[in-house]
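Chain by chain, the residues:
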Protein chains: 2
Amino acid sequence: MEPWSLGVDIGGTKVALACVNAKGRILAKMKYPTRPQQSKEAIFEILIQSLKDLCAQMEGSPVSVGVGIAGQIIEKTGLLTVAPNLPSLNNFPIQQKLQEALKLPTFVLNDVKAATWGEWWHGAGKGHRDFVSLFIGTGIGGAIVSGGQMLTGQNNCAGEIGHMIIQMNGPGCTCGNRGCLEALASGWAIARQAHAAIQRAPEEGEAILKLAAGETVTAQHVVEAARKGDPLAMDLVDKAIQAIVTGSIGLVHVLNPARLIIGGGLGAALPGLLERVSEEVSRSALPAARESFGVVGAYLGEEAGVIGAADFALTHWQGRGDDVAQVGP
Amino acid sequence: MEPWSLGVDIGGTKVALACVNAKGRILAKMKYPTRPQQSKEAIFEILIQSLKDLCAQMEGSPVSVGVGIAGQIIEKTGLLTVAPNLPSLNNFPIQQKLQEALKLPTFVLNDVKAATWGEWWHGAGKGHRDFVSLFIGTGIGGAIVSGGQMLTGQNNCAGEIGHMIIQMNGPGCTCGNRGCLEALASGWAIARQAHAAIQRAPEEGEAILKLAAGETVTAQHVVEAARKGDPLAMDLVDKAIQAIVTGSIGLVHVLNPARLIIGGGLGAALPGLLERVSEEVSRSALPAARESFGVVGAYLGEEAGVIGAADFALTHWQGRGDDVAQVGP
């Protein structure tokens, strides 16, 4: 049997597990809800047990384990220093613990990098040595592949594209700065702008409020109302898209990627997003930078994380590392 | 005798040539004014003759030639497609022509990348695998070293940091976009803001106008007036520095560099620039990104270009490439 790896994607609402082969195909999978209130021991025990249950469905054993998780990870040791969705895992040596429990080489990386790795080798980034991914959901994350390497930066936290400032003195961001891309175009930012607009002129917010049906207004309600032609919602969506266009032009100038891969729930839902970014970058970016540039949607959807984590682990188990890109995927 | 290379830095006002050894030491040098009106044949002939004259001062022969020039260069062939300062060299196969004339391996790269290479191996970037350079003069250019590679992007034009948009719908830029870092903090941008402010309130511009002594007001006049405590000039300088701070925070988030190297005439002249950028990034950037981050001035000044071009050529002649950084410089 050809080698396969375990992929783990620990998200804010669910933990996804999968057995993935070298072609990026999922051979078996399962998921269960994330329980942030649990102790690190309980979280870890359920994870180990679930991985063992999943492996029991397979013939043979995995060669390695890859884990994608939101937060800050020390690259060399796989120590999880900050886990915003699961604070009980702060400073948890997740790589070492998994390695001890499963007796398998284990690799831990940021969830957005895992999803980007998946898109690189088995999705929208296939065959490219230079691209940027942008995942737009509640927040905005991203990763950079340049010259056939996924950039880590000095502390393994390169790719915080949501916190590139595109509007000096703009609206406040969760990071404490003003005018970050995330503060203008993420799910929480769109919801915030909707609330403010509705407070200013409640009559203009009728369509959005009706869709929210008494619940708190979210970006999804705004997107839905925009699709139905509601003027306020269309305006809010337009502003978010314009912010993404602005950030994209900056990224194209700084990094000169061949592709911008846009994913995430809102990345897929914002009406006309890919076309607008593509058109405006093609029209406005510096000629040399925009040449052969393209915008594509992420292919792998929710499975990018497990596929990417597993493939990262398989690739590094084989000792290939990033530079395999030089011979093409 | 140890191997040495020829470095050429073709700038908008002068062409600098130097013989440089592997330690980055200049063994001999010369310069002459750039003459943009000349034909490509004349420009090339003077360059070849000057290089031969310079070599005549040395014992032995160079092992390779490196050329830094502003413009767009095809990485593999060294074809200069666009040379904004010397339009007669547009589409000139400079690498091939030099190679034929001098019978030496020749390497051509963008002038900012050459200066960054010089700072990397023999200046402010020494020992680092992750840094960003920012050269602030009439315009703003930069380059990125990440994971021990100088990033080229897909078309060899990564590093157009001056055209990262930091103020959506901000002042117009030469590139056609609005709110680029260059449109807020470069020499031409500061001069433009000074002209506008003086037009609005001529009495507030007295100190600057006095320094300009009847000539057109430049950023240098503004900087000089600011150093003398003139309120308008101080305000203009403050706004430029704030734009550089904003861009720097974005770069730190996107690329997670260990160092930001600031160079260029204005980079060295803007009062308090390095301290302000350092303080504000340390206070405002994401904690993981700002850890161990530092801001430093470029060391090599005007010689960064020739040293970098020569060292690039020497390194590539030796077949080492970027990744020598892995073993430390």
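Data block above holds the structure.
Per chain, residue numbering runs from 1 following the sequence as it is written. Whichever chain is written first is A, and whichever ligand is written first is 1; the rest continue in order. Totals for whole chains, interfaces and linings use every residue, but because this is a predicted model, local features are given only for residues with pLDDT of at least 70 and side-chain atom pairs only at 80 or more, for both listing and counting. Hydrogens and water molecules were not included; the side-chain quantities draw on all heavy atoms of the structure.

Visitor: What should I look at first to understand the pattern of salt bridges in this one?
Guide: Should their charged atoms come close, side chains of opposite charge can pair. In what follows, salt bridge is the name for a side-chain nitrogen of Lys or Arg lying within 4 Å of a carboxyl oxygen of Asp or Glu. Inspection of the entire model under this criterion finds 14 salt bridges over all chains. We note a salt bridge from R283 of chain A to E280 of chain A, for which the minimum N-O separation is 3.9 Å. With R283 of chain A and E280 of chain A both in helix α10 (residues 273-284) and 3 residues apart, this pair spans about one turn of that helix. Each residue is placed in one exposure class: buried if its accessible area under a 1.4 Å probe, protein chains only, is under 20% of its type's maximum, exposed if it is over 50%, and partly exposed if it falls in between. The exposure class assigned to R283 of chain A is exposed, which follows from its relative accessible area of 58%. Accessibility expressed as a relative area gives 13% for E280 of chain A, which makes it buried. With its nearest N and O atoms 3.0 Å apart, the salt bridge here joins E280 of chain B to R276 of chain B. Of this pair, E280 of chain B and R276 of chain B both sit in helix α10 (residues 273-284), separated by 4 residues, roughly a single helical turn. Among the charged side chains, a salt-bridge network with shared partners connects D238, R276, E280 and R283 of chain A. Every helix listed is a DSSP run of H or I at least four residues long, and every strand listed is a run of E at least two residues long, numbered separately from the N terminus.

Visitor: For this particular structure, what's the right way to read the sheet that holds strand β2 (residues 14-21) of chain A?
Guide: Strand pairing in a sheet relies on backbone hydrogen bonds, with the paired strands running either antiparallel or parallel. Residue and element names in this part refer to chain A. Think of it this way: DSSP has to see at least two bridges between two strands before they count as a pair. Judged by pairing direction, the sheet is mixed, and its 5 strands sit side by side in the order β3-β2-β1-β4-β7 without closing on themselves. Looking at the sheet topology across the chains shown, the edges are occupied by β3 (26-33) and β7 (106-110). If you compare each strand with its neighbour and ignore which way they point, the axes differ by 15° on average. Bridge count between β2 and β3: 7 bridges; the pairing is antiparallel. Pairing of K14 across the sheet is with P33, part of β3. In this analysis, two residues are considered to be in contact whenever any of their non-hydrogen atoms come within 4.5 Å of each other. Note on geometry: axes are C-alpha line fits, over the in-contact stretch for helices, and angles between N-to-C directions span 0 to 180 degrees. Sheet strands touched by helix α12 (residues 304-317): β1 (4-10), β2, β3, β4 (65-69) and β7. Its angle to β1, the strand with the most contacts, is close to 135°.

Visitor: Whenever I open this one, the relation of the copies chain A and chain B confuses me. Can you help?
Guide: To go from the first copy of the chain to the second, apply a rotation about an axis and then a shift along the same axis. All copies are superposed by least squares; the fitting set is the C-alpha atoms of residues with a pLDDT of at least 70 in both. Between chain A and chain B, which share one sequence, the superposing operator has a rotation angle of 180° and an axial displacement of 0.0 Å; the RMSD is 0.0 Å. Read as a symmetry element, the transformation amounts to a two-fold axis. Both copies present the same face, since 100% of the interface residues in chain A are matched by interface residues at the equivalent positions in chain B.

Visitor: Looking at this structure, how should I read the nonpolar core?
Guide: In globular proteins that are soluble, nonpolar side chains generally tend to be buried together. Note on terminology: a nonpolar core comprises buried Ala, Val, Leu, Ile, Met, Phe, Trp, Tyr and Cys residues joined through side-chain atoms within 4.5 Å. Core analysis: the largest hydrophobic core is formed by 120 residues, its most contacted members being L255 of chain A together with L255 of chain B. Apart from residues no more than four positions distant in its own chain, L255 of chain A is found in contact with V132 and I144 of chain A together with I144, L151, G153, A158, V254 and L255 of chain B.

Visitor: Can you walk me through the packing of helix α7 (residues 219-227) of chain A against helix α8 (residues 231-255) of chain A in this structure?
Guide: The description of two helices packed together rests on the angle between their axes and the distance between the axes. Residue and element names in this part refer to chain A. Two elements in contact, α7 and α8, have axes separated by 7 Å at closest approach and are oriented at 115°. Compared by their axis directions, α7 and α8 come out roughly perpendicular. As for how α7 packs across α8, the hand of that crossing is left-handed. Across the interface between the two elements, V222, V223, A225 and A226 of α7 pack against A233, M234, L236 and V237 of α8. For the contact of α7 with α8, the residue count by class is 8 nonpolar, no polar and no charged. Orientation is classified from the angle alone, with under 35 degrees giving roughly parallel, over 145 giving roughly antiparallel, 65 to 115 giving roughly perpendicular, and any other angle giving oblique. For a crossing to be left-handed, the near helix must be turned anticlockwise from the far one by less than a right angle; the clockwise case is right-handed. Residue polarity follows a fixed list, in which Ala, Val, Leu, Ile, Met, Phe, Trp, Tyr, Cys and Pro are nonpolar, Asp, Glu, Lys and Arg are charged, and the others, Gly among them, are polar.

Visitor: Sorry, what's going on with the packing of helix α5 (residues 187-200) of chain B against helix α8 (residues 231-255) of chain B here?
Guide: Residue and element names in this part refer to chain B. Contact geometry of α5 with α8 gives a least axis separation of 10 Å together with a crossing angle of 140°. With respect to α8, the element α5 is oriented oblique. Along this stretch, α5 crosses α8, giving a crossing that reads as right-handed. Here α5 contributes I190, Q193, A194, A197 and I198 to the contact with α8, which in turn contributes L232, L236 and A240. Classifying every residue of the contact of α5 with α8 by side-chain character gives 7 nonpolar, 1 polar and no charged.

Visitor: Any chance you could explain the interface of chain A and chain B here in plain terms?
Guide: It is common to give the size of an interface as the accessible area lost on bringing the parts into contact. Contacts between the two partners involve 45 residues from chain A, matched on the other side by 45 residues from chain B. As a working definition, buried area equals the accessible area (1.4 Å probe) given up by two parts on being put together, with both sides summed. Summed over both sides, the interface of chain A with chain B buries roughly 3,600 Å², with 58% coming from carbon and sulfur. For the interface between chain A and chain B, the tally reads 0 salt bridges. Pairs of N or O atoms are called polar contacts if they sit within 3.5 Å, as long as, within protein, a hydrogen donor faces a hydrogen acceptor (for residues adjacent in sequence, only side-chain-to-side-chain pairs). Taken together, chain A and chain B are joined by 28 residue pairs in polar contact (both at pLDDT 80 or more). At the level of elements, β9 (140-146), α8 and α11 (287-290) of chain A are the ones that each hand at least two residues to the side of chain A that touches chain B. In terms of residue count, the dominant contributor to the side of chain A that touches chain B is α8 of chain A (9 residues). Each residue belonging to the side of chain A that touches chain B can be placed in one class, and the counts come to 22 nonpolar, 20 polar and 3 charged.

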